[in-house]
Amino acid sequence: MKKSKILHFAPAYQNRGGGIYEVVENLSEAQCANGKSSVDILVLETFVGTHPINKNIYNLLPSKFNQYKLMFQVLNFLFRRAKSYDIIHIHGAWSVQFLLVFPFLYLNRKKIVYQPHGLLSPDTIKKNWYIKKIAWFFYQQFFIRFSKLIICCSERERSDLSSYPLASGKLTIIPNGIDQTFFDESSNLAPRKKRFLYVSQ
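Anyway, here's the lowdown on the structure attached to this text. The shown structure was predicted, so the numbers you read here are calculated from the model rather than taken from an experiment.

**What about the pairing of strand β4 (residues 87–91)?**
- Burial runs high along β4: four of the five residues are buried.
- Here β4 runs beside strand β5 (residues 112–115); their pairing, made up of four bridges, is parallel. Bridge pairing links histidine 91 to glutamine 115 in β5.

Laid out in structure tokens, this is it:
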């Protein structure tokens, strides 16, 4: 059986944690399990986390405007490899690094999965709205227009995104996962040591 090839484009993937990091990390681990898929993750050049054996992490996305060499390397990477991926999963919104993947959206629109992680909600857009209005006009709207599927993490996010005509028929809800051991009854029934709690005002 042929392995599927998946690219995660995630500027916010940082070893310090956070929502997008956890989603990409857990999702890519599941995709790599039992050799089902070959996974690449495109991240900021400042990423200093461990590079696992079962997936490839490429520190190519520039964190500054004057990193022209890295910009060229990203464009070259996408130009050479974009067609080979079965899925291109894009995470987040508004980052200037999105401009680098923007030229490849239209030609790869049948394989683009977009997950804004709540960053297109009305409350989020209110912050620095003038900058985001410019970003929306130049590139952000096209990630909705040319995506095959848009993943929402909640009913509220789907409701927010349904106000965009470009998102019509593309929205699906996949809640952010919780480790199954959190609900493991056997661990909850295990003997516990007695503890003393002191509360004072």
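**Digging into unusual backbone geometry**
- The backbone of histidine 117 shows a phi angle near 55°, a positive value even though the residue is not glycine.
- Mapped onto the secondary structure, histidine 117 falls in the loop between β5 and α4 (122–126).

**A word on helix α2 (residues 68–81)**
- Over its 14 residues, α2 extends 20 Å from the first C-alpha to the last, a length consistent with the 20 Å expected when each residue adds 1.5 Å.
- Taken as a whole, α2 has its buried residues at Leu70, Val74, Phe77 and Leu78. End-on view of α2: buried residues confined to an arc of 90°, all on one side of the axis. Along α2, exposed side chains directed more than 90 degrees from the buried face belong to Tyr68, Lys69, Phe72, Phe79 and Arg80.
- Residues of α2 that are buried sit in contact with β1 (4–9), β2 (37–44), β3 (56–61) and α3 (98–101).

**So, a nonpolar patch on the surface**
- On the surface, Phe65, Val96 and Leu99 cluster together into a nonpolar patch covering about 300 Å² of accessible area.
- The topology assignment puts leucine 99 in helix α3.

**Observations concerning the environment of serine 159**
- Along the chain, the position of serine 159 falls in helix α6 (residues 155–161).
- Residues serine 159 and leucine 171, 12 residues apart in the sequence, show an inter-C-alpha distance of 9.5 Å.

**So, the packing of aromatic side chains**
- In this structure the tally under the stated criterion is 12 aromatic pairs.
- When the centroid spacing of 5.5 Å and the interplanar angle of 80° are considered together, the rings of tyrosine 106 and phenylalanine 146 count as edge-to-face. A residue pair is termed long-range when its members are at least 10 positions apart, and tyrosine 106 in the loop between α3 and β5 and phenylalanine 146 in the loop between α5 (129–145) and β6 (149–152) qualify at 40 residues.
- Note on tyrosine 106: relative accessible area 45%, which makes it partly exposed.
- Among the aromatic residues, those joined into a ring-pair cluster are Phe9, Phe98, Tyr114 and Phe143.
- For the cation-ring pair, lysine 5 lies above tyrosine 85, with the distance from its terminal atom to the ring centre recorded as 5.5 Å.
- Sitting above the plane of the tyrosine 106 ring, arginine 109 keeps its charged end 4.0 Å from the centroid.

**Some details on helix α1 (residues 19–32)**
- Look at α1: 20 Å from first C-alpha to last across 14 residues, which is about the 20 Å you get at 1.5 Å a residue.
- Those residues of α1 that fall on the buried side of the exposure criterion are Ile20, Tyr21, Val23, Val24, Glu25, Ser28, Gln31 and Cys32.
- Taken together, the buried residues of α1 touch β1, β2, β4 and β5.
- Just beyond α1, the residue with positive phi is asparagine 34, at close to 60°.

**Some thoughts on the sheet that holds β3**
- Strand order in the open sheet formed by seven strands is β3-β2-β1-β4-β5-β6-β7, and the pairing between neighbours is parallel. Edge positions in the sheet fall to β3 and β7 (171–173), since each has one partner strand and no second. For this sheet, the mean inter-axis angle between neighbouring strands, taken without regard to orientation, is 25°.
- Summarising the sheet, β1 and β4 pair through four bridges and their orientation is parallel. Considered in β4, the bridge of isoleucine 6 is made with isoleucine 87.

**Describing the pattern of salt bridges**
- Here the structure, examined in full by the defined rule, presents five salt bridges.
- The partner of lysine 55 in a salt bridge is glutamate 29, with the nearest N and O atoms 3.1 Å apart. Of this pair, lysine 55 sits in the loop between β2 and β3 while glutamate 29 sits in helix α1, and the two are 26 residues apart along the sequence.
- When its relative accessible area of 32% is taken as the criterion, glutamate 29 is described as partly exposed.
- As a salt-bridge pair, arginine 81 and aspartate 40 come within 3.8 Å of each other at their nearest N and O atoms.

Definitions and limits used
Residues numbered from 1 in each chain as written. Predicted model: local features only at pLDDT ≥ 70, side-chain atom pairs only at ≥ 80, totals over all residues. Heavy atoms only, no water. Buried < 20%, exposed > 50% of the residue type's maximum accessible area, 1.4 Å probe, protein only. Helix = DSSP H or I, 4+ residues; strand = E, 2+ residues; numbered from the N terminus. Pairing = 2+ DSSP bridges. Expected span 1.5 Å × (residues − 1). Arc of directions from axis to C-beta. Contact = heavy atoms within 4.5 Å. Patch = residues over 30% accessible without salt bridge, like charges linked within 9 Å, V, L, I, M, F, W, Y side chains within 5 Å. Areas by Shrake-Rupley, 256 points an atom, 1.4 Å probe, with all protein chains shown as cover. Salt bridge = Lys/Arg side-chain N within 4 Å of Asp/Glu carboxyl O. Phe/Tyr/Trp six-rings, centres within 6.5 Å; stacked < 30°, edge-to-face > 60°. Lys NZ or Arg CZ within 6 Å of the ring centre and 35° of its normal. Axes fitted to C-alpha atoms, helices over the stretch in contact; angles between N-to-C directions.

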